[in-house]
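Residues per chain are reported as follows:
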Amino acid sequence: MNRKIRMGMVGGGPGAFIGDVHRMASRLDGQIELVCGSFSSSPEKSKITGRELFLPEDRVYDTFQEMIEKEKELPEGERMDCVSIVTPNHLHFLPAKLALENGFHVICDKPLTRTLEEAEELERLVEETGLILALTHTYTGYPMVKQARDMVKNGDIGTVRKVYVEYPQGWMTEKIEETDSKQASWRIDPSKSGIAGAMGDIGTHAENLAEYITGQRISELCADLDTVVEGRVLDDDGSVLLRMDGGATGVLTASQVAAGEENSLSIRVYGTKAGLEWHQMEPNSLYVKWLDKPMEVYRTGVGDLYDSATAHTRVPAGHPEGYLEAFGNLYRNFAKCIQARLQGEEPDEQYQDFPTVSDGVRGMKFLYKVVESGKSTQKWTSFDD
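Before going into details, it helps to say that this report is about the structure given with it.

Reading the values: rules and limits
Residues numbered from 1 in each chain as written. Predicted model: local features only at pLDDT ≥ 70, side-chain atom pairs only at ≥ 80, totals over all residues. Heavy atoms only, no water. Helix = DSSP H or I, 4+ residues; strand = E, 2+ residues; numbered from the N terminus. Contact = heavy atoms within 4.5 Å. Pairing = 2+ DSSP bridges. Axes fitted to C-alpha atoms, helices over the stretch in contact; angles between N-to-C directions. Phe/Tyr/Trp six-rings, centres within 6.5 Å; stacked < 30°, edge-to-face > 60°.

Regarding the side chain of Thr 204
Thinking step 1. Here Thr 204 is to be found in helix α9 (residues 198-214).
Thinking step 2. Look past the residues within four positions of Thr 204 in its chain and what remains in contact with it is Lys 110, His 137, Met 199, Gly 363, Phe 366 and Leu 367.

So, the sheet that holds strand β13 (residues 296-299)
Thinking step 1. Here we have nine strands laid out as an open sheet, ordered β13-β12-β11-β10-β6-β9-β8-β7-β14, and mixed in their pairing. Of all strands in the sheet, those with a lone pairing partner are β13 and β14 (381-382), marking the two edges.
Thinking step 2. Two elements, strand β6 (residues 162-168) and strand β10 (residues 266-270), share five bridges in a ladder whose sense is antiparallel. Opposite Val 163, over in β10, you have Val 269 as the bridge partner.
Thinking step 3. This element, helix α6 (residues 143-153), spans β10, β11 (274-279), β12 (285-290) and β13 of the sheet and lies at about 30° to β12.
Thinking step 4. α9 contacts β6, β7 (218-226), β8 (237-244), β9 (249-255), β10 and β11 of the sheet and is inclined by roughly 150° relative to β9.

Remarks on unusual backbone geometry
Thinking step 1. Of note, the bond from Lys 110 into Pro 111 is cis; its omega dihedral lies within 30 degrees of zero at -10°.
Thinking step 2. Along the chain, Pro 111 falls in the loop between β4 (105-108) and α5 (116-129).
Thinking step 3. Located in the positive-phi region is Phe 54, a residue other than glycine, with phi close to 60°.
Thinking step 4. Looking at where Phe 54 falls in the secondary structure, it is placed in the loop between α2 (43-52) and α3 (64-73).
Thinking step 5. For Lys 379, which is not glycine, the phi torsion reads 80° and is therefore positive.
Thinking step 6. Looking at the secondary structure, you find Lys 379 in the loop between α12 (357-375) and β14.

Points about the packing of aromatic side chains
Thinking step 1. Going through the model one piece at a time under the given rule, you end up with seven aromatic pairs.
Thinking step 2. Here Tyr 139 and Tyr 323 contribute two aromatic rings whose centre-to-centre distance is 6.3 Å and whose plane-to-plane angle is 45°, an arrangement assigned as tilted. Placement of the pair is Tyr 139 in the loop between β5 (133-135) and α6 and Tyr 323 in helix α11 (residues 323-342), with a sequence separation of 184 residues.
Thinking step 3. A centroid spacing of 6.2 Å and a plane angle of 80° characterise the contact between Tyr 164 and Tyr 270, whose relative ring orientation is edge-to-face.

In structure tokens:
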């Protein structure tokens, strides 16, 4: 097979930040081409975006249902191979379900769905169809995150005892949902966002990152959720104590009312031999703090790193790689796995490294348990009940 993977998109119309991010990420490696889309609930806005992206008029659809139906009718050599879903949370489930039922792979923004039941239904569909569903937990795409994961996996820092992961933002410190902020308005609306606000929007990233690097899963949690800005229904700040199934304990915080913060996701993991520290806003550095020798700084593209870090590094050392490149790594791996399927081959192990529907289900379970614990007087709540 000597062609690009053909992608359709749901969402990402005028004013949609994350749609542009997905499109840029999908183009980075030249493995994917956008061939069609239903970019807005407004057919006219969808057509505007289609024209801006130079798509043929007959491949710009009024609804995602029409897109999936019409694309399925096209010859195999023309129709899309996969669907990218870049809508608000409440509009993830139906297009993902319909795409899977009609034979199309899916790559979806996080969290996976608005409810846990919807997430579990998608997991069942993936198992039944054998199709791929990738979830864009972007931060697992960074080379130094993969280096940290493999250092833990190979015992370099000893047995993991403690993890601290925090995700502070400040953009919702004021009540900007009462302005024309499209990004804020749906995030504070339970009918669109789901049962959680900041914890769903960014706390799920922190949860996913903690489990990805440590290789341990949350077994119990104790949460405190807060709505700081008066009048909001959903949380805009929260903290969670964690107990992991490998014996580690941890603390997770997520806030969108931390005035002055930009996108300051960071994680520290402490083992019996050393600690690891990584900051999303300085992603090319991984700090390794040894118990019995001076601290080391590992850098993207420098020295003898693990294969996973090298495989996800794009440019020579000293050329900063950031958010779009990490996002692009997820899209590249997703595309390579589809290409392998089309050729009847097993994809390279490195290309299978991206969040899946199971990660999405865990993210939704995390939210439900955080909310349950936050309302409980008992506090400690089993993750898998």
